[in-house]
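# Topology and contacts: notes
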Amino acid sequence: MVDDTHMMVHPETVMAIILMASMTYLTRITGYLLLGGRQMSDHMRQVMEAALGCVLVAVIVPYFATNNHGDLLALGLTALAASRCSLLSTILIGVGCAWGLRNVLHL
């Protein structure tokens, strides 16, 4: 029998999720409002397309400043995937490699 009284969600957790979702929405809608009706140059379009990858790298890379061989191997496999796959595929491969190396192979 499972005791459901210990599975409550704290109000602070709900508030954090709502605030994070709101900020994500706000940053996305601001981009559409500022750039929606404008014609972008090829250079600006390339910058905007690269921005997501730059943010992703800035968030993830500090976790790989480690001597953990599994994390470093996952980083290498993700970099290889990035040179050959789409962004979504690369993210899925990177997360899968990191999870597998940490939890299955215990590297």
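Residues numbered from 1 in each chain as written. Predicted model: local features only at pLDDT ≥ 70, side-chain atom pairs only at ≥ 80, totals over all residues. Heavy atoms only, no water.

It is worth spelling out the pattern of salt bridges at this point. Per the counting criterion, the structure on display carries one salt bridge. As a salt-bridge pair, Arg-102 and Asp-71 come within 2.9 Å of each other at their nearest N and O atoms. With Arg-102 in helix α4 (residues 87–104) and Asp-71 in helix α3 (residues 69–82), this pair connects stretches of sequence that are 31 residues apart. Judged by relative accessible area, Asp-71 falls into the buried class, the value being 6%. (Salt bridge = Lys/Arg side-chain N within 4 Å of Asp/Glu carboxyl O. Helix = DSSP H or I, 4+ residues; strand = E, 2+ residues; numbered from the N terminus. Buried < 20%, exposed > 50% of the residue type's maximum accessible area, 1.4 Å probe, protein only.)

Right, let's get into the confidence of the model for the chain. A low pLDDT score tells you not to read the predicted coordinates there in detail. Per-residue pLDDT for the chain has a mean of 83; in total, 92% of the residues score no lower than 70. Across the chain, the secondary-structure element scoring lowest on mean pLDDT is helix α2 (residues 42–60), at 78, and the one scoring highest is α4, at 89. (pLDDT = per-residue confidence, 0-100.)

Looking at the element boundaries, Val-61 is found in the loop between α2 and α3. Through-space distance from the C-alpha of Val-61 to that of Leu-35 is 29 Å; in sequence the pair is 26 residues apart.

In this section: the layout of surface pockets. Taken as a whole, the largest pocket encloses approximately 620 Å³ of empty space. Taken together, 16 residues form the lining of the largest pocket, with Thr-27, Arg-28, Gly-31, Tyr-32 and Met-48 sitting closest to its centre. Among the secondary structure elements, those contributing two or more residues to the lining of the largest pocket are α1 (11–35) and α2. Residue composition of the lining of the largest pocket, grouped by class: seven nonpolar, five polar and four charged. (1 Å grid on protein atoms, 1.4 Å probe; cavity = no way out; pocket = protein on both sides within 12 Å on 5 of 7 lines; lining within 4 Å. Points joined across faces, edges and corners; volume = space filled by probe spheres on them. Nonpolar A, V, L, I, M, F, W, Y, C, P; charged D, E, K, R; others polar.)

For α4, spanning 18 residues, the distance from its first C-alpha to its last is 25 Å, which sits close to the expected 26 Å at 1.5 Å a residue. For α4, the set of buried residues is Thr-90, Gly-94, Cys-97, Ala-98, Gly-100 and Leu-101. What you see down the axis of α4 is that its buried residues fit within an arc of 165°, all on one side. Exposed and oriented more than 90 degrees from the buried face of α4 are Leu-88, Leu-92, Val-95, Trp-99 and Val-104. As for α4, its buried residues are in contact with α3. A positive phi of about 55° marks His-106, the residue just after α4. (Expected span 1.5 Å × (residues − 1). Arc of directions from axis to C-beta. Contact = heavy atoms within 4.5 Å.)

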